[in-house]
Amino acid sequence: MGIDFKFIHCSDLHLGAPFKKVSSFDRELGKRMAEAPFAALDRIVDKAITENADFIIFSGDIFDSENITPGSRHRFAEAVKRAGIRCYIAYGNHDHRRSWENSIPLPGNAVVFPDTPVNIPYPDGENKLTNVIGVSHGAKEEGRDLTDGITGTGPFSIAAVHCDLDAVSEGKRYAPCRLNDLLTKNIDYWALGHIHKRSIVHEYPHVVYPGNTQGRNTKETGRKGAYLVTVSGGKVANIEFFATHEIMWSEAELDITGKDINSLIGHLPDIGPGELVKLKITGRGDLDRMIRFERKDIIRAVEDRKGCRVVDIEVNSMPNIDINARRNTGDFVSAVIREADIMSGSDKKTLISAICATKASQSPEIRKVFEDMSETELKDMVNDALASILGKLTGDST
C-alpha cells in the first residue's frame, strides 16, 4: 500500500525571543540568536515544500510571550503563506492574544483552533485522509485539561494540543493531562507541544513532543528540530526527525585531575565550529586555581582548538589539597573547612540568612534571587566559595 499522506509536526518556535543574556556580553551574537528562531521556521517551510508534505501542525508557543510584536507575527504569516499548504495552529501559553492581531491576519491556509476542541478534516469533502482535532490555550496560565472532549473518528485521527503530560513534565505545569487518558481517546497521533526536549512518549497510538526548533540557552543542548510523519495504510509508517536549529548549544565536561592545560584541552569532546558551549569543570588539581582566577585563558584555549564560542563555565573542581587531612589541623585553613562543613549541612532557610547577612545583600531584590535557587544550588555556592578560598590560602599546595 502506498503513502497516504505526510505532515510536519513542530512546536515551541518562540519567535521574537530577545536573548537578553547573550546580548549583554555580545550584541552581534544576540542579534544572531534573535534571528535563529525565524531561520528554524524557514527550514520547516523548506522541508514541507521539498517533501511535498500535505500539511503542517504547529503545536503552540509559536511566539514568545511578552515579546510578541507585529513584526514577528508578520514574518510568521509570510512563512505560512510561503508554505502554501494547510497549517494547523494550536496556540500555547506563550501565544496569548494582542489587540492588534486582527490587523495582521494569517493567510487563508492557516487554521487556528479555538479554546475548545474542534475537528477539521483533511482534505475537505468526502474523501478525507485524516481528522485533525485541536484546541488552543484560552488563558495565559491555562489550568484546564485541554484533552477533555477530544475523541478520534475516521481512518486516522490527529490531536494537536499544547500541554503538560505527567510522564515528561518540566517546570510549572500548564494544561495538565495524563498519558493513560490520552491512550483511550481513539487518537492515532498526539501532536503535542510545551516540552522543549523531543520525545516519542508512546507508539501506536503515538504521543509525541518534537521539542523546540531552536535551543535558547545552555540547558537546551543538542540538535533541535521537528518531525516529518508519514502515514500509510491508516497508521504511522515513519517518523523522521530533521534539524532546524541555526545555532547549537553544547555542554562539555572537563576533568582536571592529573592534567596540565595541554592534556586537558586534548580531552575535549566533539564540539562543532560555531557551537555555543558551556564548560563544566570537575576533578581536583593544580589547574583549579588558574580556571577560577584566569578564566579567559581556558576559554581562549577551548575556542582556539574547536572554533566554538564558550558562553558559560561551571566550576565544580577543587584545588590540589587533601581536605580531610587539613580539616582538623587547628590552623586557619581547617577553620575555613569546618565552617564550610557547617554551612553544607544547613537547610535552605539558614543558608539564605547567612548569605544575606552582609549589608550589601540585604535588599529584598537580592534576597529573592537566592530564594529562587534550590537548596542544592545554594550548597554548590558554599563548595565553590570553599574551593576559591582554599586556592588563595594554600596556593594549591598540599
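Read on for a plain summary of the structure. For clarity, every value in this text was computed on a predicted model and none was experimentally measured.

1. Some thoughts on the sheet that holds strand E13 (residues 225-232)
Alright, step 1. A sheet is described by the order of its strands in space; here six strands give the open sequence E4-E3-E2-E1-E13-E14, paired in mixed fashion. Each edge of the sheet is formed by a strand with only one pairing partner; in this case those strands are strand E4 (110-112) and strand E14 (235-243). Between one strand axis and the next, the sheet turns by 20° as a mean value, whatever way the strands run.
Alright, step 2. With three bridges joining them, strand E3 (residues 86-89) and E4 adopt parallel strand pairing. Each residue of the ladder has a partner; that of Ile89, found in E4, is Val112.
Alright, step 3. Here helix H2 (residues 27-50) sits on the sheet in contact with strand E1 (5-10), strand E2 (55-58), E13 and E14, set at roughly 135° to E14.

2. Things to note about the packing of H2 against helix H3 (residues 70-83)
Alright, step 1. With their axes 9 Å apart at the nearest point, H2 and H3 run at an angle of 15° to one another. Taken together, the axis directions place H2 and H3 in an arrangement best described as roughly parallel. Here H2 and H3 pass one another in a crossing that is right-handed. Contacts from Glu35, Phe38, Leu41, Asp42, Val45, Asp46 and Ile49 in H2 reach Ser72, Arg75, Phe76, Ala79, Arg82 and Ala83 in H3.
Alright, step 2. When its residues are assigned to classes, the contact of H2 with H3 shows seven nonpolar, one polar and five charged.

3. Quick word on the sheet that holds strand E11 (residues 199-202)
Alright, step 1. Overall, mixed pairing links the six strands, which are arranged E5-E6-E7-E10-E12-E11 in an open sheet. At either end of the open sheet lies a strand with only one pairing partner, and these are strand E5 (118-122) and E11. Strand after strand, the sheet turns through a mean of 20° between neighbouring axes, direction not considered.
Alright, step 2. Alignment of strand E10 (residues 189-193) against strand E12 (residues 206-209), held across three bridges, turns out to be parallel. Its bridge partner lying in E12, Tyr189 is registered against His206.

4. A look at the environment of Gly330
Alright, step 1. Tracing the chain through its elements places Gly330 in the loop between helix H8 (323-326) and helix H9 (332-344).
Alright, step 2. On the basis of relative accessibility, which here comes to 64%, the residue Gly330 falls in the exposed class.
Alright, step 3. The sequence separation of Gly330 and Asp54 amounts to 276 residues, and the corresponding C-alpha distance is 75 Å.

5. Points about the packing of aromatic side chains
Alright, step 1. Inspection of every chain in the model, using the stated rule, returns eleven aromatic pairs.
Alright, step 2. Between Tyr227 and Phe241, the aromatic rings sit 6.0 Å apart at their centres with planes inclined by 70°, giving edge-to-face as the arrangement. Residue Tyr227 is found in strand E13, and its partner Phe241 is found in strand E14; the two are separated by 14 residues along the sequence. Comparing Tyr227 with Phe241, the two get one shared label, buried.

6. Some details on the pairing of E1
Alright, step 1. Counted residue by residue, E1 has six buried out of six residues, so it is predominantly covered.
Alright, step 2. One ladder, built from five bridges, connects E1 with E13; its direction is antiparallel. Among the inter-strand pairings, Lys6 is bridged to a residue of E13, identified as Thr230.
Alright, step 3. Judged from the four bridges that link them, E1 and E2 form a sheet pairing that is parallel. Looking at E2, one finds that Ile8 is bridged to Ile56.

7. Quick word on the pairing of E2
Alright, step 1. Covered by surrounding structure in E2 are Phe55 and Ile57 together with Ile56 and Phe58, the residues of both alternating faces.
Alright, step 2. In terms of strand pairing, E2 meets E3 through four bridges, oriented parallel. By the bridge assignment for E3, Ile57 is matched with Tyr88.

8. Digging into the nonpolar core
The nonpolar side chains of a soluble globular protein tend to be buried, and buried together.
Alright, step 1. With 29 residues, the main nonpolar core has Ile56, Phe58 and Phe76 as its most contacted residues.
Alright, step 2. Put simply, the parts of the chain that give this core at least two residues each are E1, H2, E2, H3, E3 and E13.
Alright, step 3. Dropping the residues within four chain positions of it, Phe58 is found in contact with Cys10, Leu13, Leu41, Phe76, Cys87, Tyr88, Ile89 and Ala90.
Alright, step 4. Core analysis: the next-biggest nonpolar cluster, separate from the first, contains 22 residues, Phe55, Tyr122, Ile158 and Val208 among them.

9. Here's the deal with H2
Alright, step 1. Compared with the 34 Å implied by 1.5 Å per residue over 24 residues, the 34 Å span of H2 between its first and last C-alpha is a close match.
Alright, step 2. The largest bend in H2 comes to about 30°, at Ala36, with the proline Pro37 one to four residues further on.

10. Brief notes about unusual backbone geometry
Alright, step 1. Going from Tyr122 to Pro123, the amide bond is cis rather than trans, its omega being -20°.
Alright, step 2. By the element assignment, Pro123 lies in the loop between E5 and strand E6 (130-134).
Alright, step 3. Phi is positive for Ala175, which is not a glycine, with a value near 45°.
Alright, step 4. On the secondary structure map, Ala175 appears in the loop between strand E8 (164-165) and strand E9 (176-177).
Alright, step 5. A relative accessible area of 0% places Ala175 in the buried class.
Alright, step 6. Positive phi is not limited to glycine here, since His194 has a value of about 120°.
Alright, step 7. Within the element layout of this structure, His194 appears in the loop between E10 and E11.

11. Topic: the pattern of salt bridges
Alright, step 1. In the structure shown here, the tally under the stated rule is 16 salt bridges.
Alright, step 2. We note a salt bridge from Glu35 to Arg75, for which the minimum N-O separation is 2.9 Å. Residue Glu35 is found in helix H2, and its partner Arg75 is found in helix H3; the two are separated by 40 residues along the sequence.
Alright, step 3. Among the salt bridges present, the one from Arg309 reaches Glu303, with a minimum N-O distance of 3.8 Å.
Alright, step 4. Within this structure, Lys6, Lys47, Glu51 and Glu240 form a network of salt bridges that share partners.

Basis of the calculations
- Residues numbered from 1 in each chain as written.
- Predicted model: local features only at pLDDT ≥ 70, side-chain atom pairs only at ≥ 80, totals over all residues.
- Heavy atoms only, no water.
- Pairing = 2+ DSSP bridges.
- Helix = DSSP H or I, 4+ residues; strand = E, 2+ residues; numbered from the N terminus.
- Axes fitted to C-alpha atoms, helices over the stretch in contact; angles between N-to-C directions.
- Contact = heavy atoms within 4.5 Å.
- Parallel < 35°, antiparallel > 145°, perpendicular 65-115°, else oblique.
- Left-handed = near helix turned anticlockwise from the far one by under 90°.
- Nonpolar A, V, L, I, M, F, W, Y, C, P; charged D, E, K, R; others polar.
- Buried < 20%, exposed > 50% of the residue type's maximum accessible area, 1.4 Å probe, protein only.
- Phe/Tyr/Trp six-rings, centres within 6.5 Å; stacked < 30°, edge-to-face > 60°.
- Core = buried A, V, L, I, M, F, W, Y, C linked by side-chain atoms within 4.5 Å.
- Expected span 1.5 Å × (residues − 1).
- Bend = angle between axes of the 7 residues up to and from the residue.
- Salt bridge = Lys/Arg side-chain N within 4 Å of Asp/Glu carboxyl O.

Worth remembering: the numbers are spatial, not functional.
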